[in-house]
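Listed below, chain by chain, are the residues.
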Amino acid sequence: MSGRVLTPAELCRRCDPAALESLAASGDEPAATASPLAPGTGKASAEGAATIVGQQRAYEAVAYAIAMPHEGHHLFVMGPPGVGKHTLVRHAIEAHVARNGVERFDWAYVNHFAQPHQPRVLRLPRGRAGALRQHMRALADDLRTMIPATFESEEYATAVERLNTEYKERAEQAVLAVGEQAQAQGLVMVRTPVGLSFAPRKPASAGSAGGKTADGDTVYTPEEFAALPEAERTRLQQALQAAQEQLVRALRGTVRLRKEHADKLRALNRSMTLVAVEHAVDEVKDDYADLPEVLAYLEAVRDDVIDKADRFRSPPGDEASAGETTAVAEIDLSAYEVNALVDAAGNDGAPIVTVDHPTHQQLIGRVDHLARMGTLLTDYRLVKPGALHRANGGYLLIDAAKLLVQPFAWDALKRALMRHEIRIESMAEMVSLVTTVQLEPMPIPLSVKVVLFGEREIGELLQEFDPDFGRLFRVVADFSDDLPRADGVQRELVQSIVAQGAALSLLPPSAGALARLVDHGARLAGDAQRLSASVQRLLDVLTEADHRAREATRTRIEATDVDSAVAARRRRASRIDERLREEVGRGMLMIATTGERVGQINGLMVYESGGETFGEPVRISATTRLGDGEVIDIQRETHMGGPVHAKGVLILTSFLGARYSRFRAHAIFASLVFEQTYGIVEGDSASLAELLALLSSIADVPLKQSLAVTGSINQFGDVQPIGGVNEKIEGFFDVCAARGLDGTHGIVMPEANVAQLMLREDIVAAVAAGRFTIHAVRHVDEAIEVLTGVAAGEAHAPHADTVNGRIVARLREYARLHGGEQRWPRRHRGGGSPLMHANGARAAPPRGRVR
């Protein structure tokens with residue numbers, strides 16, 4: 001019943017360097033860089049897939065999501081860092097695209113002449129947006145030369161002169177007709193500084209005295225006009241009024257003539273512009289005859305150029321006249337430029353887009369502004385694409401944690417995926433209470449496969465609290481933290497490390513160095529039969545080993561270089577560990593490694609620091625006395641224990657009652673505590689040690705302080721496996737070694753953890769020399785015998801020569817005392833008699849937890 005003592009061969013499973021000779025370097029020759037294997041294919045994968053090792057399940061999920069054409073099958077990839085998530089996804093995408101191709105389009109924004117604040121979007125075949133942009137630039141250059149040349153032609157000048165002459169003649173004829181009618185009424189038309197007017201003409205028979213007009217006519221002076229008979233004055237005044245009204249009507253007709261002249265001149269400009277534009281636009285249209293949207297846009301361009309032909313004749317605000325043409329360089333034709341938002345044939349042609357900083361604008365695009373004269377100006381040419389634009393028709397890769405911390409970014413991505421369109425929205429408009437006129441580019445249809453990368457906790461939270469997540473990301477690829485230590489997987493791992501080391505120009509590793517890396521991979525996995533899936537961590541070790549090999553002027557990486565790198569990485573993170581060792585050595589942290597003591601035991605704990613895991617012994621103590629069958633967990637009562645630890649204490653309490661007091665409640669009051677701990681204690685791996693300390697206190701049997709215990713228990717007393725077993729053993733070994741190993745020191749651990757042991761060489765050597773012992777137990781009774789040196793015995797009969805017998809005897813004694821002797825009520829604080837009923841019977845003591 002005392003468990004079993006482990007042999008040195010069971011303490012560590014070393015990789016045989018001979019099995020890796022074919023992958024290692026010999027002498028000065030470089031190591032073979034065999035092509036890494038794609039998961040489950042047996043075929044060489046792409047160069048970038050070097051970190052893909054043994055993730056077959058995840059690979060199948062990724063391949064399914066990439067190939068699924070239906071909506072809502074976006075992909076969430078979860079798993080620890082460094083296992084090749086990005087590489088595997090890229091490899092799956094590249095393989096899918098190589099087999100099936102990918103249909104992508106160019107996207108461009110152009111001027112919407114009818115509604116300039118809503119730029120039109122054009123979809124063009126791949127590579128043709130850039131061509132359209134160049135064609136429109138060439139068209140603008142042609143218009144700058146052709147249209148001004150047309151307006152400077154003799155034909156245009158003659159036509160304009162004809163229109164001007166016609167206008168002048170018609171205007172003069174209208175005025176002359178009014179003048180002739182006025183002469184018939186005895187009036188003459190007079191030109192004054194303020195315009196035309198009429199005056200009564202003096203007949204020749206009346207003499208030449210009086211005023212003279214510019215035409216030589218004589219008019220009455222005011223005195224002469226006043227001397228005329230009243231009837232004549234009345235007639236002349238009426239004639240003057242009628243002539244003035246006719247003149248006004250004639251001048252109004254001149255305004256109409258001027259407008260008619262301007263219309264004719266504008267029509268002439270349109271016709272002349274049409275001659276020049278039609279040919280130039282038709283040449284561009286010939287290249288886009290298969291694209292109706294582009295043809296419609298070119299028609300709109302032609303119409304706008306014709307409507308605004310005057311810009312080619314004179315600067316804005318100047319009156320147009322024949323021969324006045326604007327300098328070619330000053331003509332602004334920016335309204336006809338093409339904003340090639342996405343050119344799939346250019347730099348944006350890759351179907352895989354990775355977003356490092358997924359802000360709202362980085363995802364859906366933005367509209368930039370220019371500051372001019374204290375104002376912000378913008379137009380369709382300042383619309384900038386986002387990652388969704390660049391990945392449209394392809395694949396978008398985003399880190400979920402970075403995405404979720406950006407304001408509005410997650411909601412913007414969901415809206416785009418659910419609407420199947422990219423709509424550029426201003427964040428300022430979204431958060432502002434005041435609206436302003438903004439560009440509203442037409443939305444672009446969206447067809448993209450989104451891949452989110454994140455930790456498992458992020459994926460689980462999104463699945464739990466965001467209902468949209470399940471509708472959009474229906475495929476989850478879960479990458480394993482570790483891999484089985486099979487020969488094939490081990491070989492793939494080594495191949496991947498060698499290939500990546502060669503890509504980084506590292507020295508070639510020897511077979512011994514590769515074997516040490518495999519051992520370290522098992523140690524990272526915490527299991528001799530598993531390997532860590534984090535190839536990146538192993539590559540980091542190899543990189544540091546390369547540095548040490550170069551410092552030693554070696555031509556390849558040896559096993560000692562890998563060992564030095566592992567030790568150095570651990571030492572850099574060991575500040576806390578060294579301080580704890582120092583405090584134990586000084587006696588500030590009270591850890592006994594010799595002698596025996598009742599109710600006191602050495603437990604083991606682990607903690608992480610700087611990416612490394614360390615083990616440390618901790619004293620656990622238990623006290624018992626007569627009580628009401630309650631076990632107090634001091635860690636829980638002081639809120640310094642986690643829920644899993646509290647669960648472990650409740651389990652051992654249940655075991656205690658079920659085993660020793662099945663037919664009557666036991667009458668003890670017990671307390672358990674982790675001594676000198678000032679932080680949160682979590683986990684149930686010390687529940688075996690806590691139970692042993694409790695049983696030692698009840699039975700009054702001392703426990704060996706030269707041993708430390710780890711393991712959890714169930715309600716039947718079976719010892720269950722725990723985590724961090726290697727670090728825990730090494731932590732206690734280091735304390736004992738610092739004080740001197742005498743052969744009595746050792747560890748009690750679960751039998752189920754034996755297969756996980758990957759201990760250091762010095763511990764294996766100490767075990768082989770008999771200076772340190774590791775006991776594997778399956779049941780609490782086996783641990784009792786190892787810790788006490790006394791037989792466990794039966795659990796239902798009192799025997800002084802067994803631990804269980806002493807426990808039964810003590811519990812029966814407590815029960816007798818509890819039921820037969822007078823006791824003070826627990827909450828009675830004063831003197832005098834105990835609490836009594838009126839009839840003299842003793843009152844039952846109050847139940848409940850003592851705090």
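Bear in mind the structure is a predicted one, so any value in this text is a computation, not a measurement. (Residues numbered from 1 in each chain as written. Predicted model: local features only at pLDDT ≥ 70, side-chain atom pairs only at ≥ 80, totals over all residues. Heavy atoms only, no water.)

Enquirer: Please clarify how helix α15 (residues 487–503) should be interpreted in this entry.
Expert: Working note: α-helix, 3.6 residues per turn, so residues spaced by three or four point in the same direction. End to end, α15 covers 24 Å across 17 residues, agreeing with the expected 24 Å (1.5 Å per residue, within 8%). Of all 17 residues in α15, 12 are buried, a share of seventy percent or more. Considering only its buried residues, α15 is in contact with β20 (482–484), α16 (511–525), β21 (530–532) and α17 (535–551). One or two steps after α15, the chain reaches Ser505, where phi turns positive at roughly 60°. (Helix = DSSP H or I, 4+ residues; strand = E, 2+ residues; numbered from the N terminus. Expected span 1.5 Å × (residues − 1). Buried < 20%, exposed > 50% of the residue type's maximum accessible area, 1.4 Å probe, protein only. Contact = heavy atoms within 4.5 Å.)

Enquirer: Whenever I open this one, the sheet that holds strand β10 (residues 352–355) confuses me. Can you help?
Expert: Whether parallel or antiparallel, the strands of a sheet pair through hydrogen bonds between backbone atoms. Judged by pairing direction, the sheet is parallel, and its five strands sit side by side in the order β10-β15-β18-β2-β19 without closing on themselves. At either end of the open sheet lies a strand with only one pairing partner, and these are β10 and β19 (475–478). Between one strand and the next, the sheet's axes are offset by a mean angle of 20°, whatever the strand orientation. The pairing of strand β15 (residues 395–399) with strand β18 (residues 449–454) spans five bridges and is classified as parallel. Following the sheet pairing, Asp399 is matched in β18 by Phe453. The sheet strands contacting helix α2 (residues 85–100) are β2 (75–78), β10, β15 and β18, and the helix crosses β15 at an angle near 175°. Against the sheet, helix α13 (residues 456–465) touches β2, β18 and β19, its axis set at about 140° to β2. (Pairing = 2+ DSSP bridges. Axes fitted to C-alpha atoms, helices over the stretch in contact; angles between N-to-C directions.)

Enquirer: Sorry if this is basic, but what is going on with helix α25 (residues 780–788) here?
Expert: Among the nine residues of α25, nine are classified as buried, and the element is accordingly described as predominantly covered. Those residues of α25 lying buried are Val780, Asp781, Glu782, Ala783, Ile784, Glu785, Val786, Leu787 and Thr788. Of the residues trailing α25, Gly789 is marked for its positive phi of about 75°.

Enquirer: Whenever I open this one, the packing of aromatic side chains confuses me. Can you help?
Expert: Here the distance between the centres and the angle between the planes together describe a pair of aromatic rings. The tally for this structure, following the rule as stated, stands at eight aromatic pairs. Arranged with centres 5.8 Å apart and planes meeting at 50°, the rings of Phe113 and Tyr336 form a pair that is tilted. Taken together, the residues span a long stretch of sequence, with Phe113 in the loop between β3 (105–110) and β4 (120–125) and Tyr336 in the loop between α7 (292–307) and β9 (339–342) at a distance of 223 residues. The class for Tyr336 is buried, based on a relative accessible area of 2%. Every member of this aromatic cluster is reached through a ring pair, and the members are Phe76, Trp410, Phe469 and Phe473. In this structure, Arg123 packs its charged tip against the face of Phe105, placed 4.1 Å from the ring centre. (Phe/Tyr/Trp six-rings, centres within 6.5 Å; stacked < 30°, edge-to-face > 60°. Lys NZ or Arg CZ within 6 Å of the ring centre and 35° of its normal.)

Enquirer: Sorry, what's going on with the nonpolar core here?
Expert: Where a protein is soluble and globular, its nonpolar side chains tend to be buried together. Ranked by size, the top nonpolar core spans 80 residues in total, and within it Ile729, Met749, Phe772 and Ile774 carry the most contacts. If sequence neighbours within four positions are ignored, Ile729 has contacts with Ile747, Met749, Leu757, Leu759, Ile763, Phe772 and Ile774. Listed in part, the 47 residues of the second largest apolar core include Ile620, Leu652, Leu672 and Ala689. (Core = buried A, V, L, I, M, F, W, Y, C linked by side-chain atoms within 4.5 Å.)

Interpretation in functional terms is not warranted from these geometric data alone.
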